[in-house]
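Structural overview for review
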Amino acid sequence: MNNLPKLGVLLLAAAFLFILNTSCEEDPVLFLSEAQDTDGDGVEDRSDEAPNDPCLPAQQMAYTGFDVFNKTWAGSDCDGDGVSNGAEFEDKRRNPYLDENMQDEDGDGVADFVDPEPNDPCVPVQEPGYLGFNSDSQVWGDADCDGDLVLNFQEVINGTDPYLACNLNFDPTFFLGELRTIDSFNGEGITIGEIGAACGEYVFLGGGIFNQGCFNEDVAIPFLLTPNAPDATEGTVTVAPVTYSCLSEDGTETTQFTVAGSGNYQGELGRIELNYTMTTPDGDITGTLNIRSLDDSGDDDGDGGDCDLNAFDGEYNTVITINGNEDFGNGILTQQTDGCNDFVLSGDFLNLGCGNDFAINVFLGAEEDGSEVIIDETQFTCTLESGENLVYTFSGFGEYSLAEGFFQLTEFTLTDADGNSSNGEIFFESSGGGDEGGDCAQNTLEGDYSTIVNTDGTERFGTAVFNAGEGCGDFVLAGDFLNLGCENNLEIPVFLGAEEDGSEIIIEGATFTCTANGTETEYTFNAFGSYSLAEGFLELSEFTLTDASGNQTNGTVFFEGL
């Protein structure tokens, strides 16, 4: 009897062990089933809306929970870019959840992940005819991939190739919109200009091109402009034989005409002159067609021979002002033989240290005895004495007067190769032919002087010598004119501007060393004043003397001839 309880306990224990053993055998199977991820997308089948589709649920580009070793996931293409997930994982530049082909920051049609310069729409360089760009991209549109000074978006509007340079060196809008046509055979009318498909091609539209009274507006005559040189704003124009129909006023009949011709254009003026031959039902006729802007006042003397502006031919000293600082150079204005208003400016007129010959086109507009001076944006190379070549871009405008005999640029912009710009103005003074100051009225001021120096009401006296320099108006001031006790020879450049019988005196940032009692002191001297040839005086109405420690002295100097 005593063993029965023990037997019951043993039976109970055996039953518990059987149940426990059965549970342990079934749980791993249940666990494995619930944790299974058939498609390898990192989402367990029991929670996966599509357990056999590795791309569902859709994931963000930063997602990394996938099983790269799962063949189903690796063989799929979750971003739809044509490259499998596994291949994108192996290519560290790509992402299985991002279509890299859609990422193009600069709009050049080259995906950022393979673009050597993803923020430069002109890299990589493309061949003419390339059409893979995104014309809606502002980054691409604001670039100039062919370097012809016409922005990409404008080339798309114009119908020209943004990857084929076509630079005629003038503003193409000169030949766009409404224009005036003057025909030696048929009179005057209006035409419309637009840019053609070929480089340098303009198409002139409308029934008034040759002023024949055509009442149809579908007449289109292509003009091809070819510059005389790569940097020229002028050149030749040709019209290949083209046939068009001219509708009568009553609209009942049309007449066929064929026209061809050649001539010249002036891009900076927006003018075309075409000598043409027109074949009509009644035979051939010849004429001259002029195309101009509506506000063009007309032709000037075309040969530059009998032209009032000839007076500006010659050599000049230049006074350059940049940010209030003055400098001095020299230049030559040469009138062109093919136009009264066309000049070329050469020489180191900006005092950049250029030793080479370069030429900049200048246009002088005509109105009574004077008008505007225009220098369109021009690139030139300045060769320094060291042999270094510096590339600049220059543009400017101003005015001139034949009656008063002056010529000036009231505003100019000079830009170096790094894009740094300087703005200023230039006044041109005739140097009398560059005779090194020989025939120059200011030369009468050469000589020895005593000076009266006034500083804060205190007067002292010195001596000075004025010597004429190389150009008219250029002088060198020597002597102890400030009475500093200088025992050495010192020389300071001085410029005398010319106006009637006298004008201003300018000394700009001159430095000199004064040796007194064996001590050398460095000074910087700035001054301005006036002079009169008629009255024979020279005066610095204000000067500033600065020593090496920055101490300044201000005063006046009056020069009296000895």
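This text gives an overview of the structure that appears in the document. (Residues numbered from 1 in each chain as written. Predicted model: local features only at pLDDT ≥ 70, side-chain atom pairs only at ≥ 80, totals over all residues. Heavy atoms only, no water.)

Here strand 18 (residues 458-468) pairs with strand 19 (residues 474-478) via 4 bridges, running antiparallel. Looking across to strand 19, one finds that Ala 468 is bridged to Phe 475. Where strand 18 folds back onto strand 19 in an antiparallel hairpin, the turn is made up of 5 residues, including Gly 473, whose phi is positive at roughly 100 degrees. Pairing of strand 19 with strand 20 (residues 491-496) involves 5 bridges; the strand directions are antiparallel. Note on strand 20: the bridge partner recorded for Leu 477 is Ile 492. (Pairing = 2+ DSSP bridges. Helix = DSSP H or I, 4+ residues; strand = E, 2+ residues; numbered from the N terminus.)

Next up on the list: the packing of aromatic side chains. According to the stated counting rule, one finds 31 aromatic pairs in the structure shown. Aromatic side chains Phe 175 and Tyr 202 sit 5.3 Å apart centroid to centroid with 75 degrees between the ring planes, which places their arrangement in the edge-to-face category. Of the two residues, Phe 175 sits in the loop between helix 5 (152-158) and strand 1 (177-183) while Tyr 202 sits in strand 3 (residues 201-205), which places them 27 residues apart along the sequence. Judged on exposure class, the residue Phe 175 and its partner Tyr 202 are both buried. Between Phe 312 and Tyr 400 the ring centres are 5.4 Å apart and the planes differ by 85 degrees, which places this aromatic pair in the edge-to-face class. Of this pair, Phe 312 sits in the loop between strand 8 (283-293) and strand 9 (314-322) while Tyr 400 sits in strand 14 (residues 389-401); the two residues are 88 residues apart in sequence, bridging distant segments of the chain. Each of the two residues, Phe 312 as well as Tyr 400, counts as buried. Each residue in the set Phe 170, Phe 174, Phe 175, Tyr 202 and Tyr 265 is aromatic and connected to the rest through ring pairs, giving one cluster. (Phe/Tyr/Trp six-rings, centres within 6.5 Å; stacked < 30°, edge-to-face > 60°. Buried < 20%, exposed > 50% of the residue type's maximum accessible area, 1.4 Å probe, protein only.)

This part covers the nonpolar core. Grouped together as the largest cluster of nonpolar side chains are 30 residues, with contacts concentrated most on Leu 477, Phe 481, Ile 492, Ile 507, Phe 525, Leu 538 and Phe 559. At the level of secondary structure, the elements contributing two or more residues to this core comprise strand 17 (447-455), strand 18, strand 19, strand 20, strand 21 (504-516), strand 22 (519-532), strand 23 (537-547) and strand 24 (552-561). Broken down by element, this core gets its largest block of residues, 6 residues, from strand 21. Phe 481 has contacts with Thr 451, Val 453, Gly 462, Thr 463, Ala 464, Leu 490, Ile 492, Phe 525, Val 557 and Phe 559, leaving out every residue within four places of it along the chain. (Core = buried A, V, L, I, M, F, W, Y, C linked by side-chain atoms within 4.5 Å. Contact = heavy atoms within 4.5 Å.)

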